[in-house]
Amino acid sequence: MTSKEKFMLYVYDGDYGLPSINSECIKALLYCSIIEVPVQIRTLNNIKFCTFYSGPCFVHKNLSFKSSNDIVLYLNTLNYNLNVNLNPKQKSECLALTHLVQAKLRSVLEFQLWIDQRNLEEFTRIWYGRALPWPFNSILVKRFKENAINLIESLYPSDYNTEVIREDLQTMVTDCLSSLSTRLGTSNYFFGDKPSTLDIVVYSYVAPLIKLPLPANSFNGCVTLWPNLVRLIKRIDAKYLPGLPKESKYIKIRETTNTSDEEVSYVAISIFTLSAVTLVFGFAITRGIISSRYF
Amino acid sequence: MPGPLVERVSLEFEAQEAWPKDVKLFQPYEIEQILLPDNANCLAVQALLKMCNLDFTVEFRANAEAMSPSGKVPFIKVGRFVIAELEGIVQFINGKGISLTDKLDIEEKADLRAYMALVRNVIENAELFICWIDHETYNDVTSIRNGSVYPWPLNHFRNREKRNQVIKKLKVLDWYNKTLPEVHEEMANCCEALSVRLDQNSFFFGDKPTELDALVFGHLFTILTTPLPRNDLANIVRNYPSLINLVKRVETKYFNREDGKNI
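Residues numbered from 1 in each chain as written. Chains lettered and ligands numbered in written order. Predicted model: local features only at pLDDT ≥ 70, side-chain atom pairs only at ≥ 80, totals over all residues. Heavy atoms only, no water.

Looking up chain B in an unreviewed UniProt entry gives the name Metaxin-2, with the organism given as Hypothenemus hampei.

As stated in UniProt under Sequence similarities (unreviewed entry), the record for chain A gives "Belongs to the metaxin family." Per UniProt, chain A has the following entry under Subcellular location (unreviewed entry): "Mitochondrion outer membrane". (UniProt positions renumbered as here; feature names shortened; annotations may be inferred.)

So, in structure tokens, the structure goes:
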């Protein structure tokens, strides 16, 4: 196989036990991993890749595919089909539930990462800022944020209050997760003992909700109410995505900046003390409370 | 003066009261203004109310969209309440103790939710795509109908504004860059899934209709009966006789029209 005939997959970096930070990238990665496509995975973390590709991007020969949906359709033509064993009824259910997840959980995740002001400033922006090279970090953050705003605006054309939207999303996510949990029941995967595309879609939206350490994570508790969904995520982690480091690659840098923050504050304290003492003495001397023969 | 709590309690009491006589459903003008996706949603709500045996009168307003609390048509006015869109209306009627789905078990309810999302995500987006993105349909039908209630030159501005909104929506949902054959394929997949779910039953969940039947009826009936320069969506739906039969069944049973003469 020459280098042109190899399958290449370009994705954004993962963290916190996630294969990638981006849901579309997770779908593509997980699909390739489950069906065992011999794919070479490249992380979009240098300027050269970021200039030519945006995640996820699947390259084979001269063809490139830019969304997980197109990637799956292309792999299906090469006989890598995950849903081939489903009967028509299961296929129909799989399609319907996929759209349910897509419609409800995607907007929740985008809201959490990009609309919630605290999460955006304290987590998302910092994470992307460190994981991607300059200037792509700021360009992509801007693009993703715009996308999320458009998504929420198209769902709620007349609501501008984030709190109202958050409440509505909360009921939506509860409904959706309870439907999924009922449908999953006690089985290993949604359709028997083998994963299907539905399991992948569910993983790609639920896993980030559970795993990302967002400062204001009001939806995290929602997922843990359904232990069978959490078990599904752990099952997929153990079987198809082994060896992902749980701890963060980028949080270490954050910790060091935190300690340096404290050092800075010691310096500040000593400067303040010094200036306060000088002020007091200066005041005392000008008023003549303290006198010395030197001045 | 009653405090806010009393006000709220009285509102809740009123919400639980029986269905009043003067319920109004607001929607755009059917003959000259309404567009395919809006018409489908309005018809779905009408079907739902008829399935629940609730009286209402239809009011036509040129600016129904701007009057609606969620910015989307249709909406109903019940006493002091104004509720928009099918999902909201379903929830509101459930609050009054009227439900089409109380006999379903949890698994069926999960299914119901999933298929509703499927119809909303695929059929509605396909309709929006045909109406606003396809140039032939946009120029010949959509721009004329959507602008019909505004004087020149406001109609052009309103058309452009609305089109930009739709494009923005379809872009984030990854529909904008689809080609026409891809849209057809999505539509066919969706119809296939629906007809498999329907199987040989008279309605999606046994022999009683649910809001899913209302939604599917609204969309498919509108697709089948609306004359457009491009009738490819209707041709796709016609490949699924069980869905056509469902549409005919709902039409004769709840709209008292002649047996599917238009379909």
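J.: Got a sec to walk through the overall build of chain B? Specific residues and values, please.
T.: Counting its secondary structure elements, chain B contains 11 helices and four strands. On C-alpha atoms alone, chain B measures out to a radius of gyration of 19 Å, which is about the 18 Å that the 2.2 N^0.38 rule sets for 263 residues. With the C-alpha coordinates of chain B rotated into their principal frame, the extents come out at 55 × 50 × 35 Å. Residues counted as buried form 51% of the 263 residues belonging to chain B. A fraction of 74% describes how many contacts in chain B between residues 6 or more apart in sequence connect residues 24 or more apart. (Helix = DSSP H or I, 4+ residues; strand = E, 2+ residues; numbered from the N terminus. Rg over C-alpha atoms; globule rule 2.2 N^0.38 Å. Buried < 20%, exposed > 50% of the residue type's maximum accessible area, 1.4 Å probe, protein only. Contact = heavy atoms within 4.5 Å.)

J.: Let's hear about the overall build of chain A: which residues, and what values?
T.: Along the backbone of chain A there are 11 helices and four strands. The C-alpha radius of gyration computed for chain A amounts to 25 Å, which surpasses the reference 19 Å derived for 295 residues by more than 25%, pointing to a less compact arrangement than a globule. The 295 residues of chain A split such that 47% are buried. Of all intrachain contacts in chain A linking residues separated by at least 6 positions in sequence, the fraction that spans at least 24 positions is 74%. By element, 58% of the accessible surface of chain A is carried by carbon and sulfur atoms, the whole surface being about 15,200 Å². (Areas by Shrake-Rupley, 256 points an atom, 1.4 Å probe, with all protein chains shown as cover.)

J.: Give me the lowdown on the layout of surface pockets, citing residues and values where you can.
T.: Residues and elements named next belong to chain B. Of the voids in this model, the second largest pocket is the one considered here, and its volume is about 350 Å³. Forming the boundary of the second largest pocket are 17 residues, of which Glu30, Ile34, Asn39, Thr222 and Thr226 lie nearest the centre. Those elements giving two or more residues to the lining of the second largest pocket turn out to be α2 (36–51), α6 (135–147) and α9 (211–225). Taken together, the residues of the lining of the second largest pocket sort by class into nine nonpolar, five polar and three charged. There are two domains that each give the lining of the second largest pocket at least three residues, and those are domain 1 (4–95) and domain 2 (106–255). (1 Å grid on protein atoms, 1.4 Å probe; cavity = no way out; pocket = protein on both sides within 12 Å on 5 of 7 lines; lining within 4 Å. Points joined across faces, edges and corners; volume = space filled by probe spheres on them. Nonpolar A, V, L, I, M, F, W, Y, C, P; charged D, E, K, R; others polar. Domains from an automatic or database assignment.)

J.: Tell me about the interface of chain B and chain A, residues and numbers included.
T.: Counting residues at the interface gives 25 residues for chain B and 26 residues for chain A. Buried surface at the junction of chain B and chain A, summed over both partners, amounts to about 2,200 Å²; 59% is from carbon and sulfur atoms. Where chain B packs against chain A, one counts one salt bridge. Among the salt bridges present, the one from A:Glu153 reaches B:Lys168, with a minimum N-O distance of 2.9 Å. Summed over the shared surface of chain B and chain A, the result is eight residue pairs in polar contact (both at pLDDT 80 or more). Considering each element in turn, the side of chain B that touches chain A owes the most residues, 11 residues, to helix α5 (residues 106–133) of chain B. Of the residues contributing to the side of chain B that touches chain A, the split by class is 13 nonpolar, four polar and eight charged. (Buried area = accessible area lost by both parts, 1.4 Å probe. Salt bridge = Lys/Arg side-chain N within 4 Å of Asp/Glu carboxyl O. Polar contact = N/O pair within 3.5 Å; in protein donor to acceptor, adjacent residues only side chain to side chain.)

J.: How would you summarise the sheet that holds strand β1 (residues 7–11) of chain A if you had to cite specific residues and measurements?
T.: Within a sheet, adjacent strands bond to each other through the backbone by hydrogen bonds, running parallel or antiparallel. Residues and elements named next belong to chain A. One open sheet accounts for four strands, arranged β2-β1-β3-β4; its pairing is mixed. Of all strands in the sheet, those with a lone pairing partner are β2 (39–43) and β4 (63–65), marking the two edges. Taken over all neighbouring pairs, the strand axes of this sheet differ in orientation by 20° on average, direction set aside. Alignment of β1 against β2, held across five bridges, turns out to be parallel. (Pairing = 2+ DSSP bridges. Axes fitted to C-alpha atoms, helices over the stretch in contact; angles between N-to-C directions.)

J.: Now, about the UniProt feature "domain: Metaxin glutathione S-transferase" (unreviewed entry) in chain B: what can you tell me, with residues and values included?
T.: Mapped onto the present numbering, the UniProt feature "domain: Metaxin glutathione S-transferase" (unreviewed entry) falls at residues 188–250 of chain B. Helix makes up 68% of residues 188–250 of chain B and strand 0%, and the two end C-alpha atoms of the span are 22 Å apart.

J.: So what's going on with empty space enclosed by the protein? Which residues, and what values?
T.: Residues and elements named next belong to chain B. A complete count under the given rule lists three cavities of 30 Å³ or more for this structure. Taken as a whole, the largest cavity encloses approximately 70 Å³ of empty space. Together, Leu36, Ile130, Ile223, Thr226, Leu228, Arg230, Asn231, Asp232, Leu233 and Ala234 line the largest cavity. The element contributing the most residues to the lining of the largest cavity is helix α10 (residues 232–238), with three residues. Of the residues that constitute the lining of the largest cavity, the class distribution is six nonpolar, two polar and two charged.

J.: Would you mind going over a nonpolar patch on the surface in detail, with residue names and values included?
T.: Residues and elements named next belong to chain A. Taken together, the side chains of Val277, Phe281, Phe283, Ile289 and Ile290 make up a nonpolar region of the molecular surface, amounting to roughly 490 Å² of accessible area. Tracing the chain through its elements places Phe281 in helix α11 (residues 251–286). Residue Phe281 is classed as partly exposed on the basis of its relative accessible area of 46%. (Patch = residues over 30% accessible without salt bridge, like charges linked within 9 Å, V, L, I, M, F, W, Y side chains within 5 Å.)

J.: Can you lay out a negative patch on the surface for me, pointing to particular residues and giving the numbers?
T.: A cluster of acidic residues, A:Asp70, B:Asp174, B:Glu182 and B:Glu185, forms a negative patch at the surface. Relative to the helices and strands, B:Glu185 is located in helix α8 (residues 180–198). (Lys, Arg positive; Asp, Glu negative; His and termini not counted. Charge placed at Lys NZ, Arg CZ, Asp CG, Glu CD.)

J.: Which residues make up unusual backbone geometry, and what values do they have?
T.: Cis peptide bonds are those with omega within 30 degrees of zero, and the linkage from B:Val73 to B:Pro74 qualifies with -5°. Within the secondary structure, B:Pro74 is located in the loop between α3 (64–67) and β3 (75–78). Geometrically, the link from B:Trp152 to B:Pro153 is a cis peptide bond, its omega value of 0° lying close to zero. Tracing the chain through its elements places B:Pro153 in the loop between α6 and α7 (154–172). Within the chain, A:Glu36 stands out as a residue other than glycine whose phi angle is a positive 60°. The exposure class assigned to A:Glu36 is exposed, which follows from its relative accessible area of 63%.

J.: Requested: an account of the UniProt feature "domain: Metaxin glutathione S-transferase" (unreviewed entry) in chain A, with residues and values cited.
T.: The sites that carry the UniProt feature "domain: Metaxin glutathione S-transferase" (unreviewed entry) are, in the present numbering, residues 174–236 of chain A. Secondary structure over residues 174–236 of chain A splits into 65% helix and 0% strand, and the C-alpha atoms at its two ends are 22 Å apart.

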